[in-house]
Amino acid sequence: MTERDAGRTLAHPGAAEIRLEGVLHALSDPVRLSIVRDLAASAADLACSHFDLPVTKSTTTHHFRVLRESGVVRQTYRGTTKLNALRRDDLEALFPGLLDSVLTAAEAEASRLA
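Presented here is a report on the structure given in the accompanying data block. (Residues numbered from 1 in each chain as written. Predicted model: local features only at pLDDT ≥ 70, side-chain atom pairs only at ≥ 80, totals over all residues. Heavy atoms only, no water.)

Concerning the overall build of the protein chain
Thought 1: When you go through the protein chain residue by residue, the secondary structure sums to six helices and three strands.
Thought 2: What you see in the protein chain, going N to C, is helices and strands ordered as α-α-α-β-α-β-β-α-α.
Thought 3: For a compact globule of 114 residues, the expected C-alpha radius of gyration is about 13 Å, and the protein chain comes in at 14 Å, within 12% of that figure.
Thought 4: Overall, the C-alpha framework of the protein chain stretches about 50 × 30 × 25 Å when taken along its three principal axes.
Thought 5: A total of 114 residues make up the protein chain; the buried ones form 34% of that total.
Thought 6: Roughly 7,000 Å² of accessible area belongs to the protein chain as shown, and the carbon and sulfur atoms make up 53% of that amount.
Thought 7: Within the protein chain, the 15 negative side-chain charges are centred at a point lying 5 Å from the centre of the 14 positive side-chain charges. (Helix = DSSP H or I, 4+ residues; strand = E, 2+ residues; numbered from the N terminus. Rg over C-alpha atoms; globule rule 2.2 N^0.38 Å. Buried < 20%, exposed > 50% of the residue type's maximum accessible area, 1.4 Å probe, protein only. Areas by Shrake-Rupley, 256 points an atom, 1.4 Å probe, with all protein chains shown as cover. Lys, Arg positive; Asp, Glu negative; His and termini not counted. Charge placed at Lys NZ, Arg CZ, Asp CG, Glu CD.)

What follows is the structure, given as structure tokens:
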């Protein structure tokens, strides 16, 4: 890692620091839940610009920060692009079945409301 890259490292909670209430709070917002659904459906890490969200850029930044600080996503820089990945393995180890249950329920609700 170069000196320049070191300044672009984002703080993430370690797996032992992730708390259920923080994860549930992060997943309770419809915008954040849509981000998580997109990440879960993708095999690749996704750039913030990939998401077409109905909020301002500053609010988008806030939503990604909540997801990162709660331990739901991991954000890394690749050049000037911030990539997002779901921390599925950490969440599954800490809260077995939670993420899949939330994603299944979100899909069922989306189908019901469509």
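Okay, back to it.
A few points about the pairing of strand E2 (residues 73-78)
Thought 1: Inspection of the sheet shows E2 paired to strand E3 (residues 81-86) by six bridges, in the antiparallel sense. Within the sheet, the bridge partner assigned to Tyr-77 lies in E3 and is Lys-82.
Thought 2: The antiparallel pairing of E2 with E3 creates a hairpin that spans two residues between the two strands, and Gly-79 there sits at a positive phi of about 65 degrees. (Pairing = 2+ DSSP bridges.)

Details of the pattern of salt bridges
Thought 1: Here the structure, examined in full by the defined rule, presents five salt bridges.
Thought 2: Close ionic contact of Arg-87 with Asp-90 constitutes a salt bridge, the shortest N to O distance being 2.8 Å.
Thought 3: Accessibility expressed as a relative area gives 5% for Arg-87, which makes it buried.
Thought 4: You can call Asp-90 partly exposed: its relative accessible area is 24%.
Thought 5: A salt bridge links Asp-100 to Arg-88; the nearest nitrogen and oxygen atoms lie 2.8 Å apart. With a gap of 12 residues between them, Asp-100 in helix H6 (residues 98-113) and Arg-88 in helix H5 (residues 88-94) connect regions that are remote in the sequence. (Salt bridge = Lys/Arg side-chain N within 4 Å of Asp/Glu carboxyl O.)

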